[in-house]
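# Reading the structure
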There are 2 protein chains.
Amino acid sequence: MNKLAVVALGGNALQRDNQRGTIEEQEKNTFKTLENLVFLLKDNYNLVITHGNGPQVGDLLQRNDAGEQMYGIPQMPLDVCVAGTQGEIGYMIERILRNALNKHGIHKNVISLITQVVVDRKGKAFSNPVKRIGRSYSPEMAAKLQQEKGWAFKEEVKSGGGLRRVVASPQPMEVLNNSVIRRLVEEGNIVLATGGGGIPVYIDAKGNYRPVEAVIDKDMASSLLAVNIKADEFYILTDVPYVYLNYKKPDQRIAEFITRDEARNYLKMGMFGEGTMAPKMEAALYFIENGGSKSVITEATKLENKKFGSCITMH
Amino acid sequence: MNKLAVVALGGNALQRDNQRGTIEEQEKNTFKTLENLVFLLKDNYNLVITHGNGPQVGDLLQRNDAGEQMYGIPQMPLDVCVAGTQGEIGYMIERILRNALNKHGIHKNVISLITQVVVDRKGKAFSNPVKRIGRSYSPEMAAKLQQEKGWAFKEEVKSGGGLRRVVASPQPMEVLNNSVIRRLVEEGNIVLATGGGGIPVYIDAKGNYRPVEAVIDKDMASSLLAVNIKADEFYILTDVPYVYLNYKKPDQRIAEFITRDEARNYLKMGMFGEGTMAPKMEAALYFIENGGSKSVITEATKLENKKFGSCITMH
């Protein structure tokens, strides 16, 4: 029986920080990244692909802001913007993956689903939202938006300063349609799902799905999906080939094999960057602590030779 | 065995011309429209739902324009914008349909696919593009955009004047993943697909899928999908309850049952509005001329009582 792998593509698999984000750049990056997945397909893996949307949703939020200012077009809430980026990016990945498969003579359906993810609306993420989104505002403008739209703001910690809108980054609870995704992928179809961490919704007292303006960590949503569909392996593709210990310090070293206990220990020691490797490691651990056999954190280009990349397992 | 119906929702099922297009307005319109589909479900139909995107893609094009002007964010090409609206609208329909089903105690999966549609790249639609999109420009600005981006322009015929970008509205040839859609819907799942007429692509000499900036008529794409998946019935939901003969003339009358020959004759006489009822009738005819048993053109609210609406059949 084929193994089932969930592969999470980092935002930079599609759009690089040092690029403007034109469609030509995105398509070129995407083809390069996706060609590496062919190694898994040739190894008879069944694949679910998920992806980030950081740069794209940032651009879309700014377009919404500009459209309202210049033409009076109402802004869409964040959940709708995430959905929009699932459409854009899902289309791009599906089309380009079809071409990568064509180049390598592989015949498979590629199916892109718009995916909602139920979040924990009562969780502590909502009492102190910290995820910065959209552009940076002056204190006056932020005060106005706070009043008009009920947005919350925090100071921008990086370059530029000013105030940025903050939203919750809640815990994902369930990927909707996960049973459909599982069946489609077990039949050999490649499924794209949970783009940008999924569109956040919650279930109200009457059992209805309600929208919520939040951002779900895409690695955590992907890990949950991998658990939901009982995947065998979970790959987080990012911009470094390995997990490093003492990253960027004189005694930096590669961690090629990491057990659950070691990883928990490293996390407690603050070994991994807060907004970078730490959440990836948490997502990798969530998978193996909930029935997955191994998580891999690596660069897309390392898939060719399975000796490379960092492998996180229970023992 | 359950009947299979494809239901195409008009743009105004979601966003009305006399509204600003806020998310609250769109969600309310959508719930009302979708509740009418419950009558088909209670009648044991399997359903594929498609939808337009006119107002939404118009807004998105303007946001793209404003984002470039205000913040220098590169504009996305039209195919990517269509994909973005599939994400936005597909999410909204899926979430709200789940709630409408919940209200009526119906348990079904609702699955939204991002859908590409292969178009006839060599067809005559590309030699004289006529579909107006986006905002209207001054002659100077249009000349600049023509040079910079290669856009084609025509005069705006409606209110406001100026020049508007024109793109081709090509014939759809194949809805990608139609076999997957057919199987999912035959199993009782509700599938949303081919939003906004589908994302237009063409197949190049090497068999690769290439993007193309065009707009596919959503009724024609929906009709093609209905043929591709061998649907029994095809519903076009619009803003009038019937097809009318001599529409808005003193001798206007309802056409409740129309045969293929009658419809072809009326089309030849110019009985139906060029940008409005004529393409809907062409889409309805395409379905019944390619194996479908009946097409219906009506308003969503008329689904409750199947006596209403205009029914187009072969004989």
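Rules and cut-offs
Residues numbered from 1 in each chain as written. Chains lettered and ligands numbered in written order. Predicted model: local features only at pLDDT ≥ 70, side-chain atom pairs only at ≥ 80, totals over all residues. Heavy atoms only, no water. Axes fitted to C-alpha atoms, helices over the stretch in contact; angles between N-to-C directions. Helix = DSSP H or I, 4+ residues; strand = E, 2+ residues; numbered from the N terminus. Parallel < 35°, antiparallel > 145°, perpendicular 65-115°, else oblique. Left-handed = near helix turned anticlockwise from the far one by under 90°. Contact = heavy atoms within 4.5 Å. Nonpolar A, V, L, I, M, F, W, Y, C, P; charged D, E, K, R; others polar. 1 Å grid on protein atoms, 1.4 Å probe; cavity = no way out; pocket = protein on both sides within 12 Å on 5 of 7 lines; lining within 4 Å. Points joined across faces, edges and corners; volume = space filled by probe spheres on them. Pairing = 2+ DSSP bridges. Least-squares fit on C-alpha atoms with pLDDT ≥ 70 in both. Phe/Tyr/Trp six-rings, centres within 6.5 Å; stacked < 30°, edge-to-face > 60°. Buried < 20%, exposed > 50% of the residue type's maximum accessible area, 1.4 Å probe, protein only. Polar contact = N/O pair within 3.5 Å; in protein donor to acceptor, adjacent residues only side chain to side chain.

All names here are of chain A. Contact pair helix α2 (residues 54-71) / helix α3 (residues 78-103): the axes reach a minimum separation of 9 Å and the direction vectors enclose 125°. Overall, the two elements α2 and α3 adopt an arrangement that is oblique. Every pair of crossing elements has a handedness; the one defined by α2 and α3 is right-handed. Counted together, Gln56, Val57, Leu60, Leu61 and Asn64 of α2 and Leu78, Cys81, Val82, Thr85, Glu88 and Ile89 of α3 form the full contact between these two elements. The residue inventory of the contact of α2 with α3, partitioned by class, reads 7 nonpolar, 3 polar and 1 charged.

This structure, assessed with the given rule, holds 6 cavities of 30 Å³ or more. Approximately 50 Å³ is the volume attributed to the largest cavity. If you go around the largest cavity, the residues you meet are Ile114 of chain A together with His51, Gln86, Gly90, Ser112, Leu113, Leu192, Ala193, Thr194 and Gly195 of chain B. Of the residues belonging to the lining of the largest cavity, the class tally is 4 nonpolar, 6 polar and no charged.

Residues and elements named next belong to chain A. Read across the sheet, 4 strands follow the order β8-β4-β10-β11 without closing on themselves; strand pairing throughout is mixed. Looking along the sheet, the strands with just one partner apiece sit at the ends: β8 (172-175) and β11 (209-211). Pairwise comparison of adjacent strand axes, ignoring direction, gives a mean angle of 45° for this sheet. Judged from the 3 bridges that link them, strand β10 (residues 199-203) and β11 form a sheet pairing that is antiparallel. Note on β11: the bridge partner recorded for Tyr202 is Arg210. In this fold α3 packs onto β10 and β11, with an angle of close to 130° to the strand it touches most, β10.

Let us look at the relation of the copies chain B and chain A. For these two chains of identical sequence, chain B goes onto chain A by a turn of 180° and a shift of 0.0 Å along the axis, with RMSD 0.0 Å. Such values leave the two copies arranged in the relation of a two-fold axis. When the interface residues of chain B are mapped onto chain A, 100% of them are again interface residues, pointing to one common binding face.

Moving on, we get to the packing of aromatic side chains. Residues and elements named next belong to chain B. Evaluated as defined, the whole model comprises 12 aromatic pairs over all chains. Centre to centre, the rings of Tyr137 and Phe153 are 5.9 Å apart; their planes meet at 90°, and the pair counts as edge-to-face. Remark: Phe153 occurs in strand β6 (residues 152-155) and Tyr137 occurs in strand β5 (residues 131-137); sequence separation between them is 16 residues. With respect to class, Tyr137 is no different from Phe153; both count as buried.

Residues and elements named next belong to chain A. Take Gln75: it is sitting in the loop between α2 and α3. A relative accessible area of 17% means that Gln75 is categorised as buried. Looking at Gln75, its side chain comes within polar contact range of the side chain of Glu68, at 3.1 Å.

Examined against the element boundaries, Ile111 of chain A turns out to sit in strand β3 (residues 110-112). For Ile111 of chain A and Tyr286 of chain A, which are 175 residues apart along the polypeptide, the C-alpha to C-alpha distance reads 26 Å. Beyond its immediate sequence surroundings of up to four residues, Ile111 of chain A is in contact with Glu94, Leu184, Asn189, Ile190, Val191 and Leu192 of chain A together with Leu113, Asn177 and Val180 of chain B.

The next thing to look at is the packing of helix α5 (residues 178-186) of chain A against helix α5 (residues 178-186) of chain B. Helix-helix packing: each pair is described by the crossing angle between the helix axes and the interaxial distance. At their nearest, the axes of α5 of chain A and α5 of chain B sit 13 Å apart, and the two run at 130° to each other. By the angle between their axes, α5 of chain A is oblique relative to α5 of chain B. Our pair here, α5 of chain A against α5 of chain B, has a crossing hand that is right-handed. Across from Val180, Arg183 and Leu184 of chain A in α5 of chain A, the residues of α5 of chain B making contact are Val180, Arg183 and Leu184 of chain B. Split into classes, the residues belonging to the contact of α5 of chain A with α5 of chain B amount to 4 nonpolar, no polar and 2 charged.

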